[in-house]
Amino acid sequence: MAFNKIWYTVALGLLLPFSYAHTDFFTSIGHMTDLINTEKDLVVSLKDYIKAEESKLEQIKKWAEKLDQLTDTATKDPEGFLGHPVNAFKLMKRLNTEWGELESLVLKDMSDGFISNMTIQRQFFPNDEDQTGAAKALLRLQDTYNLDTDTLSRGNLPDPEHQRANGNMKYFEYIMAKEKEANKSSTDSEDQMEKETEVKKKDYLPERRKYEMLCRGEGLKMTPRRQKRLFCRYYDGNRNPRYILGPVKQEDEWDKPRIVRFLDIISDEEIETVKELAKPRLSRATVHDPETGKLTTAHYRVSKSAWLSGYESPVVSRINTRIQDLTGLDVSTAEELQVANYGVGGQYEPHFDFARKDEPDAFKELGTGNRIATWLFYMSDVSAGGATVFPEVGASVWPKKGTAVFWYNLFPSGEGDYSTRHAACPVLVGNKWVSNKWLHERGQEFRRPCALSELE
Ligand code: OGA
Ligand code: FE2
């Protein structure tokens, strides 16, 4: 038995690292739903173990009761008792074999099944890094959305209907208290203190305040005069034959930079297909390290993403064509369709989509120039949080399933438009799915971009 267990563990240890690389769970809800199922299986296994342990104890109890009566009778009149030959024989038999059998039963390990299941499932468990990540996500939410610990623990979140999130609140409270404690004790040394002030200073950009306000929906409102110049219309992609008979709904979200939203622009079926294609490939999103020019993971971008090519699915190809028709921009020089999934606390802090002058090599490998424009599909509604915000200008764009937003990152001269700096706010309640297409400069030279042509 013991040998078997050891062999099993060794075999697992050898096989699993190759087939299942560890992924950061807290960055995406998709992977966390797997964990919930894992836990459910483990409970079943644990209950089986309890049953086995109970039946074992039941057998031991019965033996004890039987022997209790027997020894009672025997001790009252030992000689008379042993005068009966069968009693003498039974005494020999009990002591020679039956007590030994009982001993084996007492020593018997009933936990094998449960422990094997644990050994298997533990390979998929979150690690310390995941736990810290989840705790940090909570602190981030508290900061961004001005929630006090009480609000969080009582579950008085903006969306009171969201039962599942509320159920976790007691645990949240505990984690937050622990995290605070950990921060306190780590500030003991002066070194540490200095380091933390430095981080705070660096982190406390005036932009952060603005960013967080916009995330809470406290953006400065546009003047009515400006607001009146935002319209909605039916749009045919500048007389694109595919849209003349069935134009799409287009709404102005902002004037400068010009941000438009397309409504009912991706169907629920298409969204499902895109999500299913992306799910097995989701991995922690990366960013360009401006110093090395390499891709790395960063705390300011917490989401999982995958890239889908138009060649692998007619749905993706159809989506690419739609973007080309409606923007008038060549998608053959665009990047693949990126699908991103933000779990609770998932975010992307303020950034530019285009490469700045001081990092001219960022898209060099692609050979297609800078990111001229961004197309962003919202593939889910988000219960609370998760807006796309533009802190330079004060715009908040709220996710709405089936819609897409589009803006130019570069001026016609090729200069970057710094007012397009934007962020994906942390998700407070729910699960945010988006997909985006970054269109590049090459291929657009002889085109007349049309999505924003009625501008000015
Ligand atoms: C991005 C981005 C915004 C969002 O992926 O570059 O800015 O709301 N996303 O997800
Ligand atoms: Fe972006």
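Residues numbered from 1 in each chain as written. Chains lettered and ligands numbered in written order. Predicted model: local features only at pLDDT ≥ 70, side-chain atom pairs only at ≥ 80, totals over all residues. Heavy atoms only, no water.

Per an unreviewed UniProt entry, the recorded name for the chain is Prolyl 4-hydroxylase subunit alpha-1, and the organism is Buteo japonicus. Comment text from UniProt for the chain, heading Sequence similarities (unreviewed entry), reads "Belongs to the P4HA family." Of the chain, the UniProt comment under Subcellular location (unreviewed entry) reads exactly: "Endoplasmic reticulum lumen". (UniProt positions renumbered as here; feature names shortened; annotations may be inferred.)

Engineer: Please explain the site of ligand 1 as it appears in this structure.
Structural biologist: Taken together, 13 residues are adjacent to ligand 1, and Tyr-342, Thr-388, His-422, Lys-432 and Asn-436 come closest. At 3.1 Å, a side-chain N or O of His-351 approaches an oxygen atom of ligand 1. When ligand 1 sits alone it has 290 Å² of accessible area, and the protein chains cover 99% of it. Within the residue set of the shell around ligand 1, elements represented by two or more residues are β10 (347-351), β16 (422-424) and β18 (432-440). Among the elements that line the shell around ligand 1, the one with the most residues is β18, at 4 residues. For the shell around ligand 1, the per-class residue count stands at 6 nonpolar, 4 polar and 3 charged. (Near = heavy atom within 4 Å. Polar contact = N/O pair within 3.5 Å; in protein donor to acceptor, adjacent residues only side chain to side chain. Areas by Shrake-Rupley, 256 points an atom, 1.4 Å probe, with all protein chains shown as cover. Helix = DSSP H or I, 4+ residues; strand = E, 2+ residues; numbered from the N terminus. Nonpolar A, V, L, I, M, F, W, Y, C, P; charged D, E, K, R; others polar.)

Engineer: Would you mind going over the pattern of salt bridges with me for this structure?
Structural biologist: Opposite charge on two side chains permits them to pair, given that their charged atoms come into close proximity. Throughout the structure, instances matching the rule amount to 21 salt bridges. Two residues, Arg-242 and Asp-325, come together in a salt bridge whose shortest N-O distance is 2.6 Å. One end of the pair, Arg-242, is in helix α13 (residues 241-244); the other, Asp-325, is in helix α15 (residues 314-327), with 83 residues separating them in the sequence. We classify Arg-242 as exposed; its relative accessible area is 57%. Where Arg-281 meets Glu-312, a salt bridge forms, and the shortest distance between an N and an O atom there is 2.5 Å. With Arg-281 in the loop between α14 (268-278) and β4 (283-284) and Glu-312 in the loop between β8 (304-308) and α15, this pair connects stretches of sequence that are 31 residues apart. When its relative accessible area of 35% is taken as the criterion, Glu-312 is described as partly exposed. Members of the salt-bridge network, linked through shared partners, are Arg-208, Glu-212 and Glu-349. (Salt bridge = Lys/Arg side-chain N within 4 Å of Asp/Glu carboxyl O. Buried < 20%, exposed > 50% of the residue type's maximum accessible area, 1.4 Å probe, protein only.)

Engineer: I keep staring at the coordination of the iron ion (ligand 2) and nothing clicks. Help me out?
Structural biologist: Note on metal geometry: ideal angles are 109.5 degrees for four donors arranged tetrahedrally and 90 or 180 degrees for six donors arranged octahedrally. The iron ion (ligand 2) binds to the protein through His-351 (NE2), Asp-353 (OD) and His-422 (NE2), with metal-donor distances spanning 2.0 to 2.2 Å. Expressed as a motif, the donor residue spacing for the iron ion (ligand 2) is H-x1-D-x68-H. A residue pair is termed long-range when its members are at least 10 positions apart, and Asp-353 in the loop between β10 and β11 (371-378) and His-422 in strand β16 qualify at 69 residues. Take His-422: its relative accessible area is 5%, and that puts it in the buried class. (Donors = N, O, S within 2.8 Å, 3.2 Å for Na, K, Ca; no water.)

Engineer: When you look at the state of the cysteines in this model, what are you seeing that I'm missing?
Structural biologist: In a disulfide, the sulfur atoms of two cysteines are held together by a covalent bond. Taken as a whole and assessed by the stated rule, the structure comprises 1 disulfide. Cys-215 shares a disulfide with Cys-425; S-S distance 2.0 Å. Here the disulfide of Cys-215 and Cys-425 is left-handed, its torsion about the S-S bond being about -85°. Of the two residues, Cys-215 is situated in helix α11 (residues 206-215) and Cys-425 in the loop between β16 and β17 (427-429); the sequence distance between them amounts to 210 residues. This pair shows no difference in class: Cys-215 is buried, exactly as Cys-425 is. (Disulfide = S-S within 2.5 Å.)

Engineer: Explain the nonpolar core to me, please; I cannot follow it from the model alone.
Structural biologist: Note that soluble globular proteins tend to have their nonpolar side chains buried in a common cluster. Counting residues in hydrophobic clusters, the biggest one holds 36 residues, and the most contacted among them are Phe-262, Trp-375, Phe-377, Phe-406 and Leu-439. For this core, the leading source of residues is α15, giving 5 residues. Each residue touching Trp-375, except ones within four places of it in the same chain, is listed here: Phe-262, Ile-265, Ile-323, Leu-326, Thr-327, Ala-404, Val-405, Phe-406, Ser-435, Asn-436 and Lys-437. Of all hydrophobic cores here, the second largest spans 19 residues; its members include Ile-259, Tyr-348, Val-382 and Trp-407. (Core = buried A, V, L, I, M, F, W, Y, C linked by side-chain atoms within 4.5 Å. Contact = heavy atoms within 4.5 Å.)

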